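# Chains, contacts and geometry: an overview
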Amino acid sequence: MDRRQFIKDIFLWSAGASLAVPHFRILPSALAAEKPPALLSLARGEDYAALVAQVLAPLGGIENFVRPGDKVVIKPNIGWDRSPEQAANTHPLVVKALAAQALQAGAEKVLVFDRTCNEERRCYVNSGIEKAIRELDDKRVRIEHVDRRKFVPIKISRGKSLSEWEIYKDALDCDCYINVPVAKHHGLSRLTLGLKNSMGVLGGNRGSLHQNLGQNLADLATVIRPKLTVIDATRILLRSGPQGGDLKDVKKTDTLLASADPVAADAYATTLFDLKPDAIESTLAAYKMGLGEMDLDKIQVLTA
Amino acid sequence: MSSPGKRIPVYVWRRFGQSLFFAFFLFLFIKTDYSGSDELTYAVNILFRIDPLLAFCAWLAGKAVIALMLPALITLGLTFVFGRFFCGWVCPMGTLIDGSRFLFPHGRQNFSPAWRRLKYYLLFFLLVASFAGLPLAGYVDPFSLLVRGLTFAVHPALDHALTSFFTFTYQQGPDWLNALTEPVYEILKKHILPFRPKVYALSIFSSLLLSAVIGLSLLERRFFCRNVCPLGGLLALVARFSPFRLQGGSTECGKCRQCRKVCRMGAIDEERNIAGADCTLCLDCLEFCPAGRIHFTWTGRRNAVQPTGITRRAFVATVATGFLAPLVLPSRTLARRADSALIRPPGALAEKEFLGRCVRCGECMKVCIGNALHAAWLEGGFEGVFTPRLAGRIGYCEYNCTLCGQVCPTGAISKLSVSEKHATIIGRAFFDKNRCLPYAKGIPCIVCEEHCPTPDKAIKFRESPVMNSRGEVVVVRQPYVIDELCIGCGICENKCPLSGESAVIVTSEGESRHAGYAGADGY
Ligand code: SF4
Ligand code: SF4
């Protein structure tokens, strides 16, 4: 895997200096060699701010993911014009605590963003995430609206269904990409979890991805590679997802999951909804492509 | 005044005043946007609410006094005392016309005084027609013309130009240049440009109308204000009685006629009388009279009220036209069945009342954060041009947003609370099964269901076996609409990923403002 060359390519493309679409090569052998034992950490508690540090501790703490001087991207779900209680977006306290952790670990820059579904400003405000990040009052952390100029076409060479898509430059061009989805119901894919949350860094007509959603998400997961996935299940939306809107559909579960393995994180989160991991097509497709572990017996759950 | 060298010329004060009002206008214009809370902070519609032309037309059309428009009486009262200061100092259209004078350096003077009456006839016609059921004031009101031109064309064009420039520097420029340009772009984006690029129906047409108003100055200075503007006409009628005015020149005062030459309104006659109806108090004559004879003073009753030149015949003809023209309206097909593609903003009054009140100011379309509201063409009839309609494939109505009702200066769109808004039905979606992927091709999709914002989704789906293009029978989720839940926001139409026409389309069917009243006359 030649990450450095890849980042250089992205830079050249977006600077107009190269017409060749950037290409991210990860060889199956590299994947196999790299594949860490599927560790998954689970923490329960009502103090969501403290819960973040707690869930990361068994994985070696944030320091295991963020090195001093790193450029960090935190990608929550800010997709909908809904309040935190309505459980359509990642909980602001979780995002804030995660950003604070990254800063503590010495990150040089922490960027938070999402390409929203409803009007951007309303989503940022009403999700409570914009305010939460501003409260950190640290120059190194920024919450930004997506800048259309920054979508770069990326070749997806291992893709079975997709061969190219526009991806937000900052999500690729960083040292540590942290995916922070909220776990919730979804009409088409049944649940939206980590892999689905990656859609927030995509340009183009995202709706068309739904036509083969599971495989498309798995294909995208070959290029969009979070170092860490933290799944917010502090409260989960059981019906009428992904937006909800009725508090009767929300269940308080006070849970956070974290893993370096994006597939394992999704697989385990599925069980919170009393479903089997293979009920989610994207999890299954990604597992089949060797992108992570889905077999619950092979995922080591560390309770923090 | 003792040392004339240091005195600030009065026209400088006037220009300062004009600039100040214009800046205030632009400020309000920019602020007509979501700003981080559900309630708008600035009363951006204030300009329209002090416009007595629009107030009277809306009142006559609705046969009721709309409290929102009461501030217009203040303008009228001040004009009664001080004359047409509004045109010379406040009106942003006047300022724009003055400010673009450098484009027409050789504008002729005194085109033909008979043209002045046009604005009065226009005024009478608009007032009477409004009363009789044909509300057209918004077509020619200066604020409406200006705000539409700016909203639909100028602001988006500025955005496009600057964004193209900064995209170029971003992609092609070296790092040191970007270190300079990017912060500038960020500031512009934050404070001046629209948050996201916007598009508008009738944008070119609106910019042409605005250009025409300015371009008329080619014929003579402030041609529009002198001869066309019906608001100017109304103010002129009142200003004729104002006790404070400019005077001082006379037949004996000299041969220079400097005052006549500088007057932008052609308000000074051969005898050096200054007509209260035409004078906009720009004070140029006061400044440039070599003898310093002209002053702004109390003239009280001594001051004869000058004639307007309106002939009785023309007056009667105008009023008659105003009454008769609306009589042809019921002859249109629209009278039998309303255009189902005409979806009004949430909170819009019932159609007839709505048309009477809507002053075509474009504020709702400016503020619409979903870029859903667009100027109608003939969907609502001739009297509906420039009124707002929702264009679902271009933009959609944001579920929790209530901004259009907050900016509407006349209450044509009523102000709704968020929960009232959630319960307001503006239309209803239906599926085109010949296009919708799960029906037509057996391909999974339901992006529409994903985006449907009602807590109990108005779009639901059922699993059905379908034969796909390869002849295989697959089970897909097929969406359908629950009419009772659908509010017609249009997000489904907007987000449907098909490349052409959407497979789910919203029509005005079921809109709550008519309560069971489909079409204008379903009989
Ligand atoms: S989004 Fe369009 S194509 Fe897809 S299911 Fe809905 S209507 Fe059909
Ligand atoms: S218009 Fe479409 S998205 Fe809006 S409520 Fe109706 S079905 Fe739902």
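Below is a short write-up of the structure. Predicted, not measured: the structure shown is a model, and the values here were computed from it. Positions within a chain are numbered from 1, following the residues in the order the chain's sequence is written. Key to labels: chains lettered from A, ligands numbered from 1, both in the order written. pLDDT decides what is reported in this predicted model: residues at 70 or higher carry local features, side-chain atom pairs at 80 or more are listed and counted, and totals for whole chains, interfaces and linings draw on all residues regardless. Computation of side-chain values covers all heavy atoms of the structure but excludes hydrogens and water.

## Concerning the overall build of chain A
Scanning chain A from N- to C-terminus turns up 11 helices and 12 strands. Along the longest, intermediate and shortest principal axes, the C-alpha atoms of chain A span 50 × 45 × 35 Å. In chain A, which comprises 304 residues, the share counted as buried stands at 62%. Counted as positive: Lys and Arg. Counted as negative: Asp and Glu. His and the chain ends are not counted at all. Throughout, a charge is located at the NZ atom of Lys, the CZ atom of Arg, the CG atom of Asp or the CD atom of Glu. Of the charged side chains in chain A, 41 are positive and 37 negative; the average position of the first set lies 3 Å away from that of the second. Numbered from the N terminus, helices here are DSSP runs of H or I no shorter than four residues, and strands are runs of E no shorter than two. Each residue is placed in one exposure class: buried if its accessible area under a 1.4 Å probe, protein chains only, is under 20% of its type's maximum, exposed if it is over 50%, and partly exposed if it falls in between.

## A closer look at the nonpolar core
By size, the foremost hydrophobic cluster in this structure holds 94 residues, and its most contacted members are Val66, Ile74 and Ile178 of chain A. The element contributing the most residues to this core is helix α4 (residues 92-104) of chain A, with 7 residues. If sequence neighbours within four positions are ignored, Ile178 of chain A has contacts with Ile62, Val66, Val72, Val73, Ile74, Lys75, Leu98 and Leu228 of chain A. What we call a nonpolar core is a set of buried Ala, Val, Leu, Ile, Met, Phe, Trp, Tyr and Cys residues that are connected through their side-chain atoms within 4.5 Å. The next biggest cluster of nonpolar side chains, apart from the first, holds 73 residues, and it includes Ala55, Leu136, Ala137 and Leu237 of chain B. The criterion used for residue contact is that any of the two residues' heavy atoms lie within 4.5 Å.

## Digging into the pattern of salt bridges
All names here are of chain A. Every case where a carboxyl oxygen of Asp or Glu lies within 4 Å of a side-chain nitrogen of Lys or Arg is listed as a salt bridge. Evaluated as defined, the whole model comprises 40 salt bridges over all chains. Lys71 serves as the salt-bridge partner of Asp173, at 3.8 Å between the closest nitrogen and oxygen. In this pair, Asp173 is assigned in the loop between α7 (169-172) and β7 (176-180) and Lys71 in strand β2 (residues 71-76), connecting sequence segments 102 residues apart. A salt bridge links Asp232 to Arg235, with the shortest nitrogen-to-oxygen separation between them at 2.9 Å.

## Focus: the interface of chain B and chain A
Taken together, the contact pairs 39 residues of chain B with 39 residues of chain A. Here chain B meets chain A over a buried area of about 3,300 Å², counting both sides, of which 45% is carbon and sulfur. For the interface between chain B and chain A, the tally reads 6 salt bridges. The salt bridge involving Arg149 of chain A is made with Glu182 of chain B; its shortest N-O contact spans 2.6 Å. Polar contact is defined as a pair of N or O atoms within 3.5 Å, subject to the rule that within protein one atom must be able to donate a hydrogen and the other to accept it, and that residues adjacent in sequence are counted only when both atoms are side-chain atoms. Between chain B and chain A we count 25 residue pairs in polar contact (both at pLDDT 80 or more) in total. Sorting the residues of the side of chain B that touches chain A by element identifies α9 (142-172), α10 (175-191), α22 (447-451) and α23 (491-495) of chain B as the ones contributing at least two each. All amino acids are sorted into three groups, where Ala, Val, Leu, Ile, Met, Phe, Trp, Tyr, Cys and Pro are nonpolar, Asp, Glu, Lys and Arg are charged, and the leftover types, Gly among them, are polar. Of the residues in the side of chain B that touches chain A, the class split is 22 nonpolar, 6 polar and 11 charged. Summed over both partners, the accessible surface that disappears when two parts come together, traced with a 1.4 Å probe, is what is meant by buried area.

## Remarks on the site of ligand 2
In these notes, residues near a molecule or strand are those with any non-hydrogen atom within 4 Å of it. Taken together, 13 residues lie near ligand 2, and Cys452, Cys486, Cys489, Gly490 and Cys492 of chain B sit nearest. For the shell around ligand 2, the per-class residue count stands at 11 nonpolar, 2 polar and no charged.

## Thoughts on a nonpolar patch on the surface
In this scheme, patches are assembled from residues that exceed 30% relative accessible area and form no salt bridge. Like charges are connected within 9 Å, while nonpolar side chains (Val, Leu, Ile, Met, Phe, Trp, Tyr) are connected within 5 Å. Each accessible area is a Shrake-Rupley result for a 1.4 Å probe, and residues are judged covered by the shown protein chains and nothing else. Nonpolar side chains collect at one region of the surface, where Ile8, Val12, Trp13, Phe16 and Leu20 of chain B lie side by side and expose about 490 Å² of accessible area between them. Its place among the elements puts Trp13 of chain B in helix α1 (residues 10-31).

## Notes on the site of ligand 1
All names here are of chain B. Inspection of the region around ligand 1 gives 13 residues, with Cys436, Cys445, Ile446, Cys448 and Cys496 positioned closest. Looking at the shell around ligand 1, the elements with two or more residues in it are α21 (437-440) and α22. When grouped by side-chain class, the residues that make up the shell around ligand 1 number 13 nonpolar, no polar and no charged.

## Overview of the packing of aromatic side chains
Residue and element names in this part refer to chain B. By convention, a stacked pair of Phe, Tyr or Trp rings (six-membered ring in the case of Trp) has centres within 6.5 Å and planes under 30 degrees apart, an edge-to-face pair has planes over 60 apart, and any other such pair is tilted. Following the criterion strictly, the structure yields 25 aromatic pairs over all chains and no others. Between the aromatic rings of Phe152 and Tyr200, the centroid separation amounts to 5.2 Å while the plane-to-plane angle is 25 degrees, which identifies the pairing as stacked. On the criterion of sequence distance, the pair formed by Phe152 in helix α9 and Tyr200 in the loop between α10 and α11 (203-215) is long-range, its members being 48 residues apart. Tyr200 shares its class with Phe152; the two are buried. As a reminder, the over-ring test applies to NZ of lysine and CZ of arginine, requiring each to be within 6 Å of the ring centre and within 35 degrees of the ring normal. Sitting over the face of the ring of Phe131, Lys63 holds its NZ or CZ atom 4.6 Å from the ring centroid. The ring of Tyr120 has Lys119 sitting right over it, with the charged end atom 4.8 Å from the ring centre.

## Overview of α11 of chain B
Residues and elements named next belong to chain B. Under the convention used throughout, the expected extent of a helix is 1.5 Å for every residue step, that is, one less than its residue count. Here α11 contains 13 residues, and its C-alpha end-to-end distance of 18 Å stays within 8% of the 18 Å for a straight helix at 1.5 Å per residue. All buried positions along α11 are accounted for by Ser203, Ser206, Leu210, Val213 and Ile214. Down the axis of α11, the sector holding all buried residues measures 100 degrees, keeping them to one side. Turned more than 90 degrees from where α11 packs its buried face, Ile204 and Leu208 sit exposed. In this structure, the buried side of α11 is in contact with α6 (92-99), α9 and α12 (223-228). In this description, the arc belongs to the directions extending from the helix axis to the C-beta atoms.

## So, the side chain of Ser242 of chain B
By the element assignment, Ser242 of chain B lies in the loop between α13 (230-239) and β1 (244-247). Of the polar contacts made by the side chain of Ser242 of chain B, one reaches the backbone oxygen of Ala239 of chain B; its length is 2.9 Å.

## Describing the packing of helix α7 (residues 117-132) of chain B against helix α16 (residues 312-324) of chain B
Residue and element names in this part refer to chain B. Running from N to C, α7 and α16 point in directions that differ by 30 degrees, and their axes come no closer than 7 Å. By the criterion of interaxial angle, the relationship of α7 to α16 is roughly parallel. For the element pair α7 and α16, the recorded crossing hand is right-handed. Residues Tyr121, Phe124, Phe125, Val128, Ala129, Phe131 and Ala132 of α7 pack against Ala314, Phe315, Thr318, Val319, Thr321, Gly322 and Phe323 of α16. Looking at side-chain class alone, the contact of α7 with α16 contains 11 nonpolar, 3 polar and no charged residues. Axis angles are defined between N-to-C directions and span 0 to 180 degrees, where every axis is a line fitted to C-alpha atoms and, for a helix, only to the segment in contact. What sets the label is the angle itself: under 35 degrees gives roughly parallel, over 145 gives roughly antiparallel, 65 to 115 gives roughly perpendicular, and the rest give oblique. A clockwise turn of the near helix away from the far one marks a right-handed crossing, whereas an anticlockwise turn of less than a right angle marks a left-handed crossing.

## Regarding the packing of helix α10 (residues 262-271) of chain A against helix α11 (residues 281-288) of chain A
Residues and elements named next belong to chain A. Remark: α10 packs on α11, axes separated minimally by 10 Å, with the N-to-C direction vectors making an angle of 145 degrees. Both α10 and α11 take part in a crossing whose hand is left-handed. Of the residues in α11, those touching α10 at Val263, Asp266 and Ala267 are Thr283, Ala286 and Tyr287.

## As for α7 of chain B
For the α-helix, the turn length of 3.6 residues means that residues three or four positions removed from each other point alike. For α7 of chain B, built from 16 residues, the straight-helix expectation of 22 Å at 1.5 Å per residue is met to within 8% by its first-to-last C-alpha distance of 22 Å. Buried residues in α7 of chain B make contact with α3 (52-62), α8 (137-140), α12, α13 and α16 of chain B.

## A short note on the pairing of strand β10 (residues 228-237) of chain A
Residue and element names in this part refer to chain A. Along β10, 10 of the 10 residues are buried, which leaves the element largely enclosed by surrounding structure. Strand pairing requires that DSSP identify at least two bridges connecting the strands. Pairing of β7 with β10 involves 2 bridges; the strand directions are parallel. Residue pairing across strands places Asn179 opposite Thr229, the latter belonging to β10. The sheet contact formed by β10 and strand β11 (residues 250-259) spans 8 bridges and is antiparallel. Across the sheet, the residue bridging to Ala233 is Thr255, located in β11.

## Some words on unusual backbone geometry
The phi torsion of most residues other than glycine is negative, and most of the peptide bonds are trans. Along the chain, Gly241 of chain A connects to Pro242 of chain A via a cis peptide bond; the corresponding omega equals 0 degrees. Residue Phe386 of chain B is not a glycine yet carries a positive backbone phi of 75 degrees. For Phe386 of chain B, the location among the structural elements is in the loop between β3 (373-375) and β4 (388-390). Classification of Phe386 of chain B as buried rests on a relative accessible area of 1%.

## Some thoughts on the environment of Gly248 of chain B
All names here are of chain B. Considering the arrangement of structural elements, one finds Gly248 in the loop between β1 and α14 (258-262). The spacing of Gly248 and Ile274 is 26 residues in sequence and 8.8 Å in space, taken between C-alpha atoms. Sequence-distant contacts of Gly248, defined by excluding residues within four places in its chain, comprise Arg293 and Ile294.

Interpretation note: all reported values are geometric properties and have no functional meaning in isolation.
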